[in-house]
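Chains, contacts and geometry: an overview
What follows is the residue order along each chain.
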Amino acid sequence: MSHIKYEIPKEKIDTGEILDLVFKDSFVKHGLQEFSKDILKRIDAFEKTDGKFYVRCLKRSKDIFIYDKNKKVGKPEEVIRQLWLLKLTQQYKYPLDRIEVEKSVQFGREVREKAADIVLYKEDKITPYIIFELKQPIAKKAEEQLKSYLSAEGAEGGVWSNGIQKFILYRPYPKEYLTTLSDIPNVNQTWDDLFEEKRTYDKLKDKFDLSFIISRLEEMVLAQAGVNVFEEVFKLIYAKLYDEDQAKNIRSKGEVLFRQYKDPKKTYTIINDQLFKGAIKEWPNIFNPLSKLDLSPEQLQICVPFLEGVKFFGSGREELEIIDRAFEHLIAEVSRGQKGQYFTPRNVIKMCVKMINPKENEYIVDPACGSGGFLLHTMY
C-alpha cells in the first residue's frame, strides 16, 4: 500500500501585515508618502521558509529577505528600495537596463562594496545619472553621504529617501555647486524641464513632515547663512500662505508662483517682491512694511524646493496647526527660556479647551498666545 505525503499549506499572510512587522509600526507603513497607493500595492511579500519572508527584486530577479517572524528582525530599507525600483520603472518610466543596485563606489583608492543603493544611468548605460541613498523610515540624517557619492561618481543628481521624506540634490557636473530640487526628471525630461513645470494649488500635498523640512533648511542653508533662522522661516511660510490664498481664490487655473525657477534671481524676485511683499500688504502688522527676505538668491534657491510642493492652507485641524508646529520646532529647549517662550503641552491645551467648552458666540482672549495653540484648538 503506497503512502501519500500531504503537506499542510501555509496560511497565507497579507503583505500589509508583513510590512507592519517590517516597519514595526502600521502608522509608518501608511505614512510612506513618497509612494502612490498603486506602487504600494505592487509589493508582494511571501513566506519562503518557516517564518522568513521575502520579496522578489525587480532588478536582480531573485528573492530578497525582508523579515524573520521568529527573530522579529527585518530590513525596512530593502522594502524602500523595492518601492523606489517600482516607482522608477512604473512612474518615471525608466527601463531596468539603466538601473543598477548595490553598486560599489570608488572614493580615491578605496572601493566600497555595495555602497550605492540604486544608480540610474544615462542612455549610454555607462554614465551615472542619479544616485539613490535609501534608508529606513526612522532615519533622519541626510545629505553628507549622498554628496560624497555624487562627487565620487560624477553624477548630476542624487536622491535621499526614507520613504516618508526625501530630498534631491542637483549637481550640474562638473560645476562645483549643489542645489536642491523637488523632483527628478522622468525618462522623457531633462533637468531643465523641471524648472519650467507649472504647479497648481490642487496638486499640492497636504501631508508632510514640517519638522523634517525645517531641519533640512537649517542644515543646508539657514544655519550658515548669517540670518535669523526663526524670522526667515516665517517669512517663507508667510509668502507661501499668501501664494496659496491667491492661487485658490484669485488666480485663474489655480497656478502657484512659489516655486523654483532656473534663474535664482527670478526665484528671489517673485518670492520676495511679489509674494512676501504682497503678504505684508494683505496681512499688515505682522512684519515691518520694509521687511524683505535676508537670504541671497542662491540661498533661497536651495530652500524653495522643500516647500514648493506642500499645501499649508486647508480645512482641517492639521493644516491650521502648521504655524504652531513650526513655531515650537524653531525655538529649541535652550532658547525658549532666553526668549521667554514656554509652551503648554498640546494634550493640556485640548483638556483645557474641552473643560471650558467655548460656544459659538463667545470670545476667546489669549494675550500671551505664543504660537496660538489655545486659539487654534478652540476653533475646533
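Read on for a plain summary of the structure.

Focus on unusual backbone geometry
- With phi around 55 degrees, Ser61 is a residue other than glycine that occupies positive phi space.
- The topology assignment puts Ser61 in the loop between strand 2 (52-56) and strand 3 (63-68).
- Judged by relative accessible area, Ser61 falls into the partly exposed class, the value being 46%.

Observations regarding the pattern of salt bridges
- Per the stated rule, a full pass over the model turns up 22 salt bridges.
- The partner of Glu34 in a salt bridge is Lys87, and the shortest N-O contact between them spans 2.4 Å. Taken together, the residues Glu34 in the loop between helix 2 (26-30) and helix 3 (37-41) and Lys87 in helix 4 (residues 76-91) connect sequence positions 53 residues apart.
- Relative accessible area serves as the criterion here: at 4%, Lys87 is assigned to the buried category.
- With its nearest N and O atoms 3.3 Å apart, the salt bridge here joins Lys166 to Glu34.

Section: helix 9 (residues 264-282)
- Across its 19 residues, helix 9 extends 25 Å between first and last C-alpha, which sits within 8% of the 27 Å expected from 1.5 Å per residue.
- All buried positions along helix 9 are accounted for by Thr267, Tyr268, Ile270, Ile271, Asn272, Leu275, Phe276, Gly278, Ala279 and Ile280.
- Against the buried residues of helix 9 lie helix 8 (229-249) and helix 10 (297-307).
- If you check the start of helix 9, you find a side-chain oxygen 3.0 Å away from the backbone N of Lys265, and it comes from Asp263.

Some remarks on helix 10
- Counting buried residues along helix 10, 8 of its 11 residues qualify, which places the element largely inside the surrounding structure.
- Of the positions making up helix 10, those classed as buried are Leu300, Gln301, Ile302, Cys303, Val304, Pro305, Phe306 and Leu307.

A short note on the sheet that holds strand 1 (residues 46-49)
- Reading across the sheet, the 4 strands line up as 1-2-3-4 and stay open at both edges, with antiparallel pairing between neighbours. Edge positions in the sheet fall to strand 1 and strand 4 (73-74), since each has one partner strand and no second.
- By the bridge criterion, 3 bridges tie strand 1 to strand 2 in an arrangement that is antiparallel. Following the sheet pairing, Thr49 is matched in strand 2 by Lys52.
- Where helix 1 (residues 15-23) meets the sheet, its contacts fall on strand 2 and strand 3, and the angle it forms with strand 3 comes to roughly 70 degrees.

Examining the packing of helix 1 against helix 4
- For the pair helix 1 and helix 4, the least separation of the axes is 9 Å and the interaxial angle reads 130 degrees. With respect to helix 4, the element helix 1 is oriented oblique. For the pair helix 1 and helix 4, contact is made by Leu19, Val22 and Phe23 and by Pro76, Val79 and Ile80, respectively.
- By residue class, the composition of the contact of helix 1 with helix 4 is 6 nonpolar, no polar and no charged.

Considerations on the packing of aromatic side chains
- For the structure on display, the rule yields 13 aromatic pairs.
- Judged by centre distance (5.8 Å) and plane angle (55 degrees), the ring pair of Tyr238 and Trp283 falls under tilted. Here Trp283 lies in the loop between helix 9 and helix 10 and Tyr238 lies in helix 8, a separation of 45 residues in the sequence.
- For Tyr238, a relative accessible area of 6% puts it in the buried group.
- The class of Trp283 is partly exposed, set by a relative accessible area of 26%.
- The rings of Tyr238, Tyr242, Phe276, Trp283 and Phe287 are connected pair by pair, giving a single aromatic cluster.
- In this structure, Lys48 is placed above the aromatic ring of Tyr54, and the distance from its NZ or CZ to the ring centre is 5.3 Å.
- The residue whose ring lies beneath Lys240 is Phe258, and the NZ or CZ to ring-centre distance is 6.0 Å.

Thresholds applied
- Residues numbered from 1 in each chain as written.
- Predicted model: local features only at pLDDT ≥ 70, side-chain atom pairs only at ≥ 80, totals over all residues.
- Heavy atoms only, no water.
- Helix = DSSP H or I, 4+ residues; strand = E, 2+ residues; numbered from the N terminus.
- Buried < 20%, exposed > 50% of the residue type's maximum accessible area, 1.4 Å probe, protein only.
- Salt bridge = Lys/Arg side-chain N within 4 Å of Asp/Glu carboxyl O.
- Expected span 1.5 Å × (residues − 1).
- Contact = heavy atoms within 4.5 Å.
- Polar contact = N/O pair within 3.5 Å; in protein donor to acceptor, adjacent residues only side chain to side chain.
- Pairing = 2+ DSSP bridges.
- Axes fitted to C-alpha atoms, helices over the stretch in contact; angles between N-to-C directions.
- Parallel < 35°, antiparallel > 145°, perpendicular 65-115°, else oblique.
- Nonpolar A, V, L, I, M, F, W, Y, C, P; charged D, E, K, R; others polar.
- Phe/Tyr/Trp six-rings, centres within 6.5 Å; stacked < 30°, edge-to-face > 60°.
- Lys NZ or Arg CZ within 6 Å of the ring centre and 35° of its normal.

Keep in mind that these numbers describe shape and distance, not what the molecule does.
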